[in-house]
Amino acid sequence: MIHFNDVTKVYNGNVKAIENMNFTVEDGELVIMLGPSGCGKTTLLRMVNQLESITDGDIMLNGKSVRHSNKIEMRRNIGYVIQSNGLFPNMNIEDNAMIVPNLLGWDRKKMRDRFNMLMELVGLKPDEYRKRYPHELSGGQQQRVGVARALAADPPVMLMDEPFGALDPIIRTHLQEEFLQIQKELKKTILFVSHDIDEAVKMADKIALLKGGKMMQYAEPAKMLNKPANSFVAEFVGQDRVLKSMSLYTVRDLANALTLKPVMESPDSQNINENLSLRVAISKILNQEADQLIVENDNGTRKGSITLDLIEQFLHREIKESV
Amino acid sequence: MDRTNKTIALIIKLIFWALLIAFFVWAFANNMFSKIWEQPDTFLRLLGEHITIVLLSGAAAVLLAVPLGIFVTRPKFRKSEWLIVGIANLGQTIPSLAVLALAMGFLGIGISAAVVALFVYSLLPILQNTIAGLDSVDDNMIDAAKGMGLTNAQILWKIELPNALTSIIAGVRTALVINIGTAALAYLIGAGGLGVWIFTGIRLFDNAFLMSGAVPVTLLAIVIDYLFKWLQFALVPKGLRLARKAQNS
């Protein structure tokens, strides 16, 4: 658990970078800090592992004040991933990934097993990469190693500073999805900095939207999209926030909330898997690929059909509910 | 384009080697290295003095300049950089002959004055290359290392120095090669070295003395240069070497 308690950061005696920040990241939660550049999100992240000092207030990491912890020991218990992966060109991939276990004095066998396991986890073949060097890997592969390195000593908490920001969109989407899978399995407590609202909506359990060192809203993605706390939030999440929020719901959510229409065979219908997001569903309809979509589960059993007005009805309901 | 470049490089190399061989054929035919065969003991003594001056001054310069370079690149002491580099610069701006003369003024005639003078003269290239090498280490890398809980000493030894090593060794190499040439002047303050034969040759218009002194100095410089190239190869971590190669191709 990471608990921010009245955290304030003042530069040069008068420039307030962070003002009275109060919020909590619960165990196993992935919280994304979002905001325009200069809003203080990276500063706030770096205050957790004390790469930035805290002027006033405190951050409690699993009940312990970071201001009064031993910095070196604490940092070894926090996974840290940065945008430009920061791999060391003088070390091969195994040494890079195992740098923290090495500092902690793990034995060779344990480190090797851990390396193999982590590389499998991030989708790289351990034996193929073990002896290679960072410059021989693509940006995406390097960032995978960066994630493996941060996970090496199995820290309960991870700090990630725009980890996928420097990658091209296709690789980024891939890594986001893979990382979500990993997170589902490992349930780390993660504080994550991003400037990309789509990334935040897709990945976060909660979003912290910052501006000028102040918290604008701290809420679940759906709530932030459907019920922005003020005009800044509304503007930041975008005019198309309703569309964005639809990527948070699957066709099954709709099927569970409302009664589906009966299936009517027509040339203008298409099948859709119930695990797909509503965003996919609506774009199919708007794209005039079909007037109605027939909902199927994984076994191919038809559950009913959805149309544009049914989606509309669902959205009204959701927006009202989250008020 | 690449192909023509390579051809030109090859032609220049061939011309260079041809000239070199022609020179040695001429030199041997005219008995230019006769002094080396006639007085092998003297030759070895002068060569020994020459090498001693170069190695002692070089080693002392490395031992001072590298730690100094590390010191001024620590954030806390960064402000002292201009002062220390300024002082080292002073040693380099004064003509080498003047440095030797000044050293003789303090330490009198002999090998110690020459060692001190060349030591002062070598500080700057090593210091500057150490600073440049350490500065070129990517800040993100250091940030990542810090964030993972490496101590400052571990960051220096495991990250900064290995990544700066190419540049540091290049500095030492430059300093030593310059030193070998400058040490020929050590004769002027009575410190011996192969300069003894070179200057004798100049005074007597005797090419045999001149060549017997000058050619070994040149060869020594080339040998040291290659030795350090090899050292760079042996000491710089493999990953960095490969990365550099990949970048250049």
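All figures in this text were calculated on a predicted structure; none of them were measured in a lab.

## Remarks on the overall build of chain B
Here is step 1: On a plain count of helices and strands, chain B comes out with 11 helices and 0 strands.
Here is step 2: Counting from the amino terminus, helix and strand elements in chain B follow one another as α-α-α-α-α-α-α-α-α-α-α.
Here is step 3: Overall size of chain B, expressed as C-alpha extent along the three principal axes, is 70 × 55 × 30 Å.
Here is step 4: For chain B, buried positions account for 38% of its 249 residues.
Here is step 5: When contacts within chain B are restricted to residue pairs at least 6 apart in sequence, long-range pairs at least 24 apart make up 74% of them.

## Comments concerning the overall build of chain A
Here is step 1: Across its full length, chain A holds 15 helices and 13 strands.
Here is step 2: Considered along the principal axes of its C-alpha atoms, chain A spans approximately 65 × 50 × 30 Å.
Here is step 3: A burial count over chain A gives 38% of its 323 residues as buried.
Here is step 4: Residue pairs at least 24 apart in sequence account for 65% of intrachain contacts in chain A once pairs closer than 6 positions are excluded.

## Examining the nonpolar core
Here is step 1: The biggest cluster of nonpolar side chains holds 131 residues, and the ones touching the most others in it are Val31, Ile32, Met33 and Leu191 of chain A together with Ala114 and Ala117 of chain B.
Here is step 2: It is helix 6 (residues 111-135) of chain B that provides the largest number of residues to this core, a total of 15 residues.
Here is step 3: Each residue touching Ala114 of chain B, except ones within four places of it in the same chain, is listed here: Ile53, Leu100, Ala183, Ala186, Ile189 and Ala191 of chain B.
Here is step 4: Listed in part, the 12 residues of the second largest apolar core include Val251, Ala281, Ile294 and Val295 of chain A.

## Considerations on helix 5 (residues 96-107) of chain B
All names here are of chain B.
Here is step 1: Its 12 residues give helix 5 an end-to-end C-alpha distance of 16 Å, which sits within 8% of 16 Å, the value for a rise of 1.5 Å per residue.
Here is step 2: Among all positions of helix 5, only Val99, Leu100, Ala103 and Met104 are buried. The buried residues of helix 5 occupy an angular sector of 135° when the element is viewed end-on, so they sit on one face. Across from the buried face of helix 5, at angles greater than 90 degrees, the exposed residues are Ala98, Gly105 and Phe106.
Here is step 3: On its buried side, helix 5 packs onto helix 4 (81-93) and helix 6.
Here is step 4: A positive backbone phi angle near 80° is found at Gly108, which sits one or two residues after helix 5.

## Let's talk about the domain arrangement of chain B
Here is step 1: Assigned domains within chain B: domain 1 (1-30) and domain 2 (33-248).
Here is step 2: Using only C-alpha atoms to locate each centre, domain 1 of chain B and domain 2 of chain B end up separated by 29 Å.

## Brief notes about the interface of chain A and chain B
Here is step 1: Across the boundary between the two partners, chain A contributes 19 residues, which contact 19 residues of chain B.
Here is step 2: In terms of residue class, the side of chain A that touches chain B is built from 11 nonpolar, 6 polar and 2 charged.

## A few points about the domain arrangement of chain A
Here is step 1: Domain boundaries in chain A define domain 1 (2-239) and domain 2 (249-321).
Here is step 2: Distance from the C-alpha centre of domain 1 of chain A to the C-alpha centre of domain 2 of chain A: 36 Å.

## Quick look at the UniProt feature "domain: ABC transmembrane type-1" (unreviewed entry) in chain B
Here is step 1: With numbering matched to this structure, UniProt assigns "domain: ABC transmembrane type-1" (unreviewed entry) to residues 47-228 of chain B.
Here is step 2: What you have in residues 47-228 of chain B is 82% helix and 0% strand, and the ends, taken at the C-alpha atoms, are 20 Å apart.

## Let's talk about the UniProt feature "transmembrane region" (unreviewed entry) in chain B
Residues and elements named next belong to chain B.
Here is step 1: UniProt's entry tags residues 7-29, 49-70, 82-103, 109-127, 176-202 and 208-228 with the feature "transmembrane region" (unreviewed entry), counted in the numbering of this structure.
Here is step 2: For residues 49-70, the end-to-end C-alpha separation is 32 Å, with 100% helix and 0% strand making up the annotated structure.
Here is step 3: A helix fraction of 100% and a strand fraction of 0% characterise residues 208-228, whose end C-alpha atoms lie 30 Å from each other.

## Things to note about the packing of helix 9 (residues 195-204) of chain B against helix 10 (residues 207-235) of chain B
For any two helices packed against each other, one specifies the inter-axial angle together with the distance between the axes.
Residues and elements named next belong to chain B.
Here is step 1: For the pair helix 9 and helix 10, interaxial distance at closest approach is 7 Å and the crossing angle is 155°. Between helix 9 and helix 10, the crossing angle belongs to the class labelled roughly antiparallel. Where helix 9 crosses over helix 10, the handedness of that crossing is left-handed. Here Gly195, Trp197, Ile198, Thr200, Gly201, Ile202 and Leu204 of helix 9 come into contact with helix 10, specifically with Asn207, Phe209, Leu210, Ser212, Gly213 and Ala214.
Here is step 2: The residue inventory of the contact of helix 9 with helix 10, partitioned by class, reads 7 nonpolar, 6 polar and no charged.

## Considerations on the environment of Gly110 of chain B
Residue and element names in this part refer to chain B.
Here is step 1: Tracing the sequence through the fold places Gly110 in the loop between helix 5 and helix 6.
Here is step 2: Along the primary structure Gly110 and Ala191 are separated by 81 residues, whereas in three dimensions their C-alpha atoms are 4.5 Å apart.
Here is step 3: Apart from residues lying up to four places away in sequence, Gly110 is in contact with Gly190 and Ala191.

## Some thoughts on the sheet that holds strand 13 (residues 302-306) of chain A
Residue and element names in this part refer to chain A.
Here is step 1: Reading across from one edge, 11-12-13 is the order of the 3 strands in this open sheet, with mixed pairing throughout. Among the strands making up the open sheet, the edge pair consists of strand 11 (269-273) and strand 13. Sheet twist, expressed as the average angle between the axes of neighbouring strands with direction ignored, equals 30°.
Here is step 2: Pairing geometry for strand 12 (residues 292-296) and strand 13, over 4 bridges, is antiparallel. Bridged to Ile294 within strand 13 is Ser305.

Rules used in this analysis
- Residues numbered from 1 in each chain as written.
- Chains lettered and ligands numbered in written order.
- Predicted model: local features only at pLDDT ≥ 70, side-chain atom pairs only at ≥ 80, totals over all residues.
- Helix = DSSP H or I, 4+ residues; strand = E, 2+ residues; numbered from the N terminus.
- Buried ≥ 20, exposed ≤ 12 C-beta atoms within 10 Å, placed from the backbone.
- Contact = placed C-beta atoms within 7 Å.
- Core = buried A, V, L, I, M, F, W, Y, C linked by C-beta atoms within 7 Å.
- Expected span 1.5 Å × (residues − 1).
- Arc of directions from axis to C-beta.
- Domains from an automatic or database assignment.
- Nonpolar A, V, L, I, M, F, W, Y, C, P; charged D, E, K, R; others polar.
- UniProt positions renumbered as here; feature names shortened; annotations may be inferred.
- Axes fitted to C-alpha atoms, helices over the stretch in contact; angles between N-to-C directions.
- Parallel < 35°, antiparallel > 145°, perpendicular 65-115°, else oblique.
- Left-handed = near helix turned anticlockwise from the far one by under 90°.
- Pairing = 2+ DSSP bridges.

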